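The residues making up each chain are set out below.
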Amino acid sequence: MLTSWVAEPPLTGPGAGGFMLIHTAGGDDHLLDFFVAAPGSGLAKAEPAALTPIDVHFSEDAVQRFNVGPSSVGAYGNPLGLCEALARFGTMALGELTAAPARAAREGVEVVPMQAFLFRILEPIFRSTSECSELYAPRGRLLTEGDRWRMPELGDLLERLGAEGPRFLYKGDVARACSEWVLERGGLLTVDDLGSYEVVEREPAAVTYQGRRVLTNPPPSSGGILIADALGILERLERPHGPDVIAEVIASTNRARDEEFLAGLSQQGYLEQFLRKDALDNVATEVRSRLGNTTHLAVMDADGGCASVTCSNGSCSGVVVPGTGMHLNNMLGEQDLNPLGYHQHEPGARVPSMMAPTVALRDGRPEVALGSAGSNRIRSAILQTLLAVVDHGLPAQAAVERPRIHVEGQEVEAEPGVDAAALAQLERSGWTVRRWEEQNLFFGGVQAVARNPDTGELSGGGDPRRGGFAQVVR
């Protein structure tokens, strides 16, 4: 996680938030929620400055709007979440872990092709403030492949974090600097927001699929419960699940994400109500009738323990606080997370998220731990990768590389290699199918680790769509 702050600073970092799902070797499950909280504590009816809308072009035709600027910034959780996870479940001192990433931040990281593409599509956000532009386009030229970018202030922050712990980021000088910088520019982040921030432990959402117990992110986040919903529906449908079936199931979960769903995420007992048996039976029947900026890390050890953690700075806010090493998130401006408007959440409330670190247990032991980047493509990417492991028995890398689809409205996006007959069937059923010419990070960035249930062999999958990487360490 700490190294990702240096390697993918627009998408994660100390100003971001996330979730970690942990399954211990002893069989215990923990979901740590350290995602971004809505700001504004202690402010009396403050009117935030207008958001800055920016269109990000993943390709010529695939465009997604992100809103940035000071009003998009919420209270960050990454530093506190990482430190709590380490204190409760780790085996090393924090200072041992911060040394290498701090050195990398000072010495510089070479821009590889995927980072160059990411910088290119995020350039309008980088250019939205002079401080952000100086990081990613020093002296006016956008960093590109082969360049090195150095972040000495982030290196100082990491070194200090290792020596002192996270208090200075929540109740110290950096917390005050971040709040003052944002408030002076029309945002809502207060010292009360940061000083009162806490990591929340939640009971993971669980659903049964093909004899596995699948654990994922529960409410108030939305991504995990929708993945569980999709698996519950697929469990009731005949196999194999082709792309046409998966598209219809994803579409059904899209329809479920209405205003009642968004309101229910904050209510006690909504998870059980949403996933109750008769509701899943009814949706499965309906599907049958129709069938005619984020980072993820997953690890698993030889003792049967695993951790799956997804963190996000959104698409980044462009708000860089001078002298601190902090590039703050834009979670209050993410339309997919806040479809009713960024001001809808009470101060201190967790912003709902599509992020869904997920673990599938077979006979009580992890078979696969995974998660994804990709905004509103996160849940479709996780679902299809999980099915590739469980239904098709693929090792992690092959499962991650398997071609994907994504559904928005009545349009199906399809990567090359998706079954042509299934796509033709979708078109006959009234869907518009857009066939991509190559894989693209638009379809998510899944990282996965898997254990062969018969041999115990471990495998890892790094998503080529995001320049992902996996390694087995013996």
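Residues numbered from 1 in each chain as written. Predicted model: local features only at pLDDT ≥ 70, side-chain atom pairs only at ≥ 80, totals over all residues. Heavy atoms only, no water.

A. Region of interest: the packing of aromatic side chains. All told, the structure shown has 10 aromatic pairs when counted by the stated rule. Ring centres of Phe119 and Trp149 lie 5.2 Å apart, and the angle between their planes is 70°; this geometry places the pair in the edge-to-face category. Within this pair, whereas Phe119 is found in helix H4 (residues 113–126), its partner Trp149 is found in strand E6 (residues 148–149), the two being separated by 30 residues in sequence. The exposure class of Phe119 is buried, given its relative accessible area of 1%. When its relative accessible area of 3% is taken as the criterion, Trp149 is described as buried. Here Phe442 and Phe443 contribute two aromatic rings whose centre-to-centre distance is 5.3 Å and whose plane-to-plane angle is 80°, an arrangement assigned as edge-to-face. (Phe/Tyr/Trp six-rings, centres within 6.5 Å; stacked < 30°, edge-to-face > 60°. Helix = DSSP H or I, 4+ residues; strand = E, 2+ residues; numbered from the N terminus. Buried < 20%, exposed > 50% of the residue type's maximum accessible area, 1.4 Å probe, protein only.)

B. Geometry of the side chain of Thr310. Residue position: Thr310 is located in strand E11 (residues 306–312). In this structure Thr310 comes out as buried when scored by relative accessible area, which is 0%. At 2.7 Å, the side chain of Thr310 forms a polar contact with the side chain of His296. When near neighbours in sequence (up to four residues on either side) are disregarded, Thr310 contacts Gly17, Gly18, Phe19, Thr294, Thr295, His296, Met355, Ala356, Pro357 and Ser372. (Polar contact = N/O pair within 3.5 Å; in protein donor to acceptor, adjacent residues only side chain to side chain. Contact = heavy atoms within 4.5 Å.)

C. A look at the sheet that holds strand E7 (residues 200–202). An order of E7-E2-E1-E11-E10 is seen for the five strands of this open sheet, with the pairing classed as antiparallel. The strands lining the two open edges of the sheet, one partner per strand, are E7 and strand E10 (294–300). Neighbour-to-neighbour, the strand axes of this sheet turn through a mean angle of 15°, independent of strand direction. Here strand E1 (residues 17–23) runs beside strand E2 (residues 29–34); their pairing, made up of six bridges, is antiparallel. Residue pairing for E2: His23 is matched across the bridge by Asp29. (Pairing = 2+ DSSP bridges. Axes fitted to C-alpha atoms, helices over the stretch in contact; angles between N-to-C directions.)

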